Amino acid sequence: MAEISYIVERLNEPPFKKDLRLVDFDEQSPAELLQTLNDVFATIDPQHAPPPPRDEPEDVRAQRIMAFLQMLKFEVGQDQADYLAAGLGSGSRGAVYPVLHWALQRLPQLQKRAYLARFLMPVDVPADFMQDAALQDMQAAYADLQADFKVTHKAVDALRRTDLRPTELRAEVAQLEEERRQLGEKIARARRAADGEPGFEEMLAVTGRLRGAQEEEARLAERAREQRALLQQADQHLAEGQRRLQTLRAMSASARSADAVLAQLRGEVGALAARAAAAAPEAAALRRELARAERDAAEPARSREDVAELRALAAALAAEAAAARAAADDAHTARGDANLSMFRQQAALAAQKLEEKESAFELLAAERAKLARQLEDAEAAASSAGARSGGGGGGSGGGGGGFMTREEFKAYGARLREKTQTYKRLKAELAELRAESVVLARTEQVLRSRDDRLEELLQKLEADKGVSGYRRAHAELVAKSEQTAAVDANKAETLEEISALVVEITHELKSRKERLRPLIENLKDARHESQDVEAEYARRRNAYDKVAVGLEVERSQLEQECDALQTEALQEESRFHFLAALTGVAEARLARIEQERKWQGGEGRLLPDFKCLKDLYENKLRQQEGLSKALRRQQRTIRETEGASALQRRMYGDLQALLRCKLALRRRAAAEGGGGGGGGALGSDEAYLKAMDAQVR
């Protein structure tokens, strides 16, 4: 069942897309199974296109499928080959299912093998024809071509498995060629300059060792830098781990709830995410700078001579550009259009103002990001300080004392201010209530002094009014109110401390802004200078790009011409090889004809029994004619005796059936009689029946 399920699953996938179900596939007729097998074979080898199963005889179909499976290296035992061939010819499930399962499991490998078999399968040539020298040479050439095809196919497979693309390889090869040319020129100039110098070889060896030592030192320095960076990262991870450990210990010591711990962890995650978002632009800028530096480093090294040539070229191009600009200005002036220079000046001023605004915007964005990071650090410090100070009071107001974002911190400050006002209002009301309670307590004392049985009177009044226990409940409420007031007082103190901390953080931010202002001014001046340099670089780079574009166009044209010439040369070469092959075939035929003429003239013999090819072929013709005559005589004899022989064979068959019946009856009688005296007659009948079988055969 697993085998059938796998077959149906693979047949429903591309490139077959049969859309079969397990029940439908199991109910297919033998003809439909054979058609499915033919479809799979056609996918493996498109040239394998057999006729429909109903139009192909079973023996031909079995021979074709077995030959195809043999080409695909399908392993089958000698004792099972006949059974498999018969099953494939008739479309038996027991034979078709294993072949389908095996083919679908190895479909890509079998497709590749079928493709290679077109060119690598040996050609079966009879041994009689292999005595011809021309055929032997052609067979040898065919074997050589197969060997070349194997080597080429392996090389193509290796190239397909690599990740390098032709354009990248071409660019890398061109860069390496340019570097080799530059190094060759440098070495040649150095050798010309050093010819005749005493001790040059010793100095060259010493400088080589020095260069190796410098490279080793650079490698060691790079490794030391990497190790220091790793050490710094490890220290940071250690500090972060220690801080988190202290935080967890503080939380466990204060016996905070799981919700508070989860809220603090969420706050930490939010703070880290905000910090990462703030640092993302800076990281992106660093990555762009690193990519530009890698591109610059990948370019071939420039010597002083190259730099001088480029500077001279840039100066020449600048002079040409200035001359062209002056000519354009003169032409506009001659036409009476004197506004061009004014428009240019306005455009230059607008571009300069735009660059200044962009630089100012970048400075403000960087300053804003820096201040945001500082504010986040201060908020985190304030949150951790609040958590430490309020850990025993339930952590109210801050969501568990975790890190908060800027919006959460602003909302938290607003809630603090609102609670402060509420606290002041409630505090005034509490003072009034306390004053009134003092008056009521004095009144109670006076009343108690006037009536000793006041308690009984009050209880009686409570019972009469239906509110027994009112005074006790009121006393408990007063006690709870006092406890709540104490808790609110502690919260008010905590809120005042946090407000003071916020004021301190704001003051620190302002002071840092004041300290950073002169540095920002210096940075603006440096940015203006950098913009001037970049403008000069862009101007010269544009001139260089124009020249490079012209050279690139010329190179493209030359490449196209070279491609056309190469295509023409390949066509001529192919024609030459074709004509050479035809010439070789014609020469082989002429040589064979010449050899045949020599053999007929008496110069040597083809074989000991035959003088030449003509005698050999005439002898084969005579043998075939004799064999044909003998077969015709045998056919004529069979036709003449066909009627009598058929009657005699039918009579022998009837007699044989009669004897078999008689033998069966005697065996049954002997078995029932306990093996009596009929053994001799039974043996004679069996011998006679065997003799008759031999005559019938």
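- Looking at an unreviewed UniProt entry, one finds the protein named Intraflagellar transport protein 81 and attributed to Tribonema minus.
- Its UniProt record gives the protein the following Sequence similarities (unreviewed entry) comment, quoted word for word: "Belongs to the IFT81 family."
- Recorded in UniProt for the protein, the comment headed Subcellular location (unreviewed entry) runs: "Cell projection, Cilium".

1. Structural notes on the overall build of the protein
In step 1: Helices and strands together make up the secondary structure of the protein, namely 19 helices and 0 strands.
In step 2: Looking at the 697 residues of the protein, the share that counts as buried comes to 18%.
In step 3: The contacts of the protein with a sequence gap of at least 6 include a subset with a gap of at least 24, amounting to 59%.
In step 4: For the protein, the exposed area adds up to about 52000 Å²; of that, 57% sits on carbon and sulfur atoms.

2. Comments concerning the nonpolar core
In step 1: Counting residues in each nonpolar core, the largest one holds 35 residues, and the members touching the most others are F25, I44 and L88.
In step 2: Of all the secondary-structure elements, those providing two or more residues to this core are helix 1 (2–11), helix 3 (30–44), helix 4 (58–71), helix 5 (78–90), helix 6 (93–105) and helix 7 (107–120).
In step 3: By residue number, the principal contributor to this core is helix 6, which donates 8 residues.
In step 4: Discounting residues that sit within four places of it in the chain, F25 has contacts with I4, I7, V8, L11, L20, L33, Y97 and L100.

3. Quick look at a positive patch on the surface
In step 1: Where like charges cluster on the molecular surface, the positive patch consists of K629, R632, R633 and R636.
In step 2: By the secondary structure assignment, R632 is in helix 17 (residues 613–640).

4. Focus: a negative patch on the surface
In step 1: Where like charges cluster on the molecular surface, the negative patch consists of E355, E356, E358, E521, D525, E529, D532 and E534.
In step 2: For the negative patch, the secondary-structure elements that each account for two or more residues are helix 13 (340–389) and helix 16 (470–600).
In step 3: Relative to the assigned elements, E356 resides in helix 13.

5. Quick look at the side chain of Q146
In step 1: Examined against the element boundaries, Q146 turns out to sit in helix 8 (residues 133–161).
In step 2: There is a polar contact of 3.2 Å between the side chain of Q146 and the backbone oxygen of F119.
In step 3: Residues within four places of Q146 in sequence aside, it is in contact with F119, L120 and M121.

6. Focus on the environment of S90
In step 1: Within the secondary structure layout, S90 lies in helix 5.
In step 2: Between the C-alpha atom of S90 and that of L34, which follows or precedes it by 56 residues, the distance is 8.5 Å.
In step 3: Those residues in contact with S90, other than ones at most four positions away along the chain, are P30, L34, E58 and R61.
In step 4: Among the polar contacts listed, one links the side chain of S90 to the backbone oxygen of A86, at a separation of 3.1 Å.
In step 5: Polar side-chain contacts of S90 include one of 3.4 Å to the backbone oxygen of G87.

7. So, helix 1
In step 1: Of all the positions in helix 1, only I4, I7, V8, R10 and L11 are classed as buried. Buried positions in helix 1, seen along its axis, are confined to an arc of 165° and lie on one side of it.
In step 2: In the core, the buried residues of helix 1 are packed alongside helix 2 (22–26), helix 3, helix 6 and helix 7.

8. Regarding the confidence of the model for the protein
In step 1: With 82% of its residues at a pLDDT of 70 or more, the protein shows a mean pLDDT of 77.
In step 2: Between residues 387–403, whose pLDDT stays under 50, and residues either more than four places distant or in other chains, the model counts 29 contacts.

9. Things to note about the packing of helix 3 against helix 4
In step 1: The N-to-C vectors of helix 3 and helix 4 enclose an angle of 35°; their axes lie 12 Å apart at closest approach. Of the two elements, helix 3 crosses helix 4, and the hand of that crossing is left-handed. Between helix 3 and helix 4, the residues in contact are L34, L37, N38, F41 and I44 and R61, R64, I65, F68 and L69, respectively.

10. Considerations on the packing of aromatic side chains
In step 1: As enumerated under the stated definition, the model contains 6 aromatic pairs in all.
In step 2: Ring geometry for Y115 and F149: centres 6.4 Å apart, planes at 55°, overall tilted. Taken together, the residues span a long stretch of sequence, with Y115 in helix 7 and F149 in helix 8 at a distance of 34 residues.
In step 3: Here a set of aromatic residues connected by ring pairs shows up, and it is made of Y115, F119 and F149.

What counts and what doesn't
- Residues numbered from 1 in each chain as written.
- Predicted model: local features only at pLDDT ≥ 70, side-chain atom pairs only at ≥ 80, totals over all residues.
- Heavy atoms only, no water.
- UniProt positions renumbered as here; feature names shortened; annotations may be inferred.
- Helix = DSSP H or I, 4+ residues; strand = E, 2+ residues; numbered from the N terminus.
- Buried < 20%, exposed > 50% of the residue type's maximum accessible area, 1.4 Å probe, protein only.
- Contact = heavy atoms within 4.5 Å.
- Areas by Shrake-Rupley, 256 points an atom, 1.4 Å probe, with all protein chains shown as cover.
- Core = buried A, V, L, I, M, F, W, Y, C linked by side-chain atoms within 4.5 Å.
- Patch = residues over 30% accessible without salt bridge, like charges linked within 9 Å, V, L, I, M, F, W, Y side chains within 5 Å.
- Salt bridge = Lys/Arg side-chain N within 4 Å of Asp/Glu carboxyl O.
- Lys, Arg positive; Asp, Glu negative; His and termini not counted.
- Charge placed at Lys NZ, Arg CZ, Asp CG, Glu CD.
- Polar contact = N/O pair within 3.5 Å; in protein donor to acceptor, adjacent residues only side chain to side chain.
- Arc of directions from axis to C-beta.
- pLDDT = per-residue confidence, 0-100.
- Axes fitted to C-alpha atoms, helices over the stretch in contact; angles between N-to-C directions.
- Left-handed = near helix turned anticlockwise from the far one by under 90°.
- Phe/Tyr/Trp six-rings, centres within 6.5 Å; stacked < 30°, edge-to-face > 60°.

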